[in-house]
Amino acid sequence: MIQRVQTVYLALAAIFVGIFLGLPLFSYNNGEVVYTAFHSTIGLACSILFIIATVGVILMYKNRPLQIKLTGTLIVLLAIVAGIYKFQFFHYISINYHPTLKAGLFMLLFSLIFLFLAIRNIRKDEKLVRSSDRLR
């Protein structure tokens, strides 16, 4: 069933990563230079892969154990994306460019929260299905 709550959480995670791609991540030199997701090819590729994989996980609603494993993999992929941009942010700190955070980096945090909520609800759904199988 696509109308489950974990589907909403997974869709929101993908939407927030899409918003992440459009917003500035941080700026440096007193706001003169704005760093976006498009400045890192690896981070951009991982972000697009995340969105595609999230849609794939949503469509695997009949196989809940695999959906849990793939959502865990999405969490790792999102951590890699966040690590890439965190490294870039701290690189600019180390060369005294004085970067300031923008809203884009916080979208990854929201997406991560929704992924954890999705895993929790997928497990709850699996537990419900197993308990109803015992009653038969």
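Residues numbered from 1 in each chain as written. Predicted model: local features only at pLDDT ≥ 70, side-chain atom pairs only at ≥ 80, totals over all residues. Heavy atoms only, no water.

1. Quick look at the pattern of salt bridges
In step 1: Summed over all chains, the structure comprises three salt bridges.
In step 2: Two residues, Glu-126 and Arg-130, come together in a salt bridge whose shortest N-O distance is 2.8 Å. Highlighted residues: Glu-126 and Arg-130, both in helix 4 (residues 104–135), separated by four residues, approximately one helical turn.
In step 3: In the salt-bridge network here, residues are joined through shared partners; they are Arg-64, Glu-126 and Arg-130. (Salt bridge = Lys/Arg side-chain N within 4 Å of Asp/Glu carboxyl O. Helix = DSSP H or I, 4+ residues; strand = E, 2+ residues; numbered from the N terminus.)

2. Topic: the packing of aromatic side chains
In step 1: Inspection of every chain in the model, using the stated rule, returns eight aromatic pairs.
In step 2: On the numbers, 5.6 Å between centres and 10° between planes, the contact of Phe-16 with Phe-114 is stacked. Here Phe-16, found in helix 1 (residues 5–22), pairs with Phe-114, found in helix 4; they are 98 residues apart in sequence, far enough to count as distant.
In step 3: A relative accessible area of 18% means that Phe-16 is categorised as buried.
In step 4: Members of the aromatic cluster, joined through ring pairs, are Phe-20, Phe-26, Tyr-35, Tyr-85, Phe-89 and Phe-90. (Phe/Tyr/Trp six-rings, centres within 6.5 Å; stacked < 30°, edge-to-face > 60°. Buried < 20%, exposed > 50% of the residue type's maximum accessible area, 1.4 Å probe, protein only.)

3. Considering the packing of helix 1 against helix 2 (residues 41–58)
In step 1: Two elements in contact, helix 1 and helix 2, have axes whose closest approach is 9 Å; the angle formed by their N-to-C orientations is 160°. As far as their axial angle goes, helix 2 and helix 1 are roughly antiparallel. As for the relative orientation of helix 1 and helix 2, their crossing is left-handed in sense. Between helix 1 and helix 2, the residues in contact are Thr-7, Leu-10, Ala-11, Ala-13, Ala-14, Val-17, Gly-18, Phe-20 and Leu-21 and Leu-44, Ser-47, Ile-48, Phe-50, Ile-51, Thr-54, Val-57 and Ile-58, respectively.
In step 2: Here the contact of helix 1 with helix 2 is composed, by residue class, of 13 nonpolar, four polar and no charged. (Axes fitted to C-alpha atoms, helices over the stretch in contact; angles between N-to-C directions. Parallel < 35°, antiparallel > 145°, perpendicular 65-115°, else oblique. Left-handed = near helix turned anticlockwise from the far one by under 90°. Contact = heavy atoms within 4.5 Å. Nonpolar A, V, L, I, M, F, W, Y, C, P; charged D, E, K, R; others polar.)

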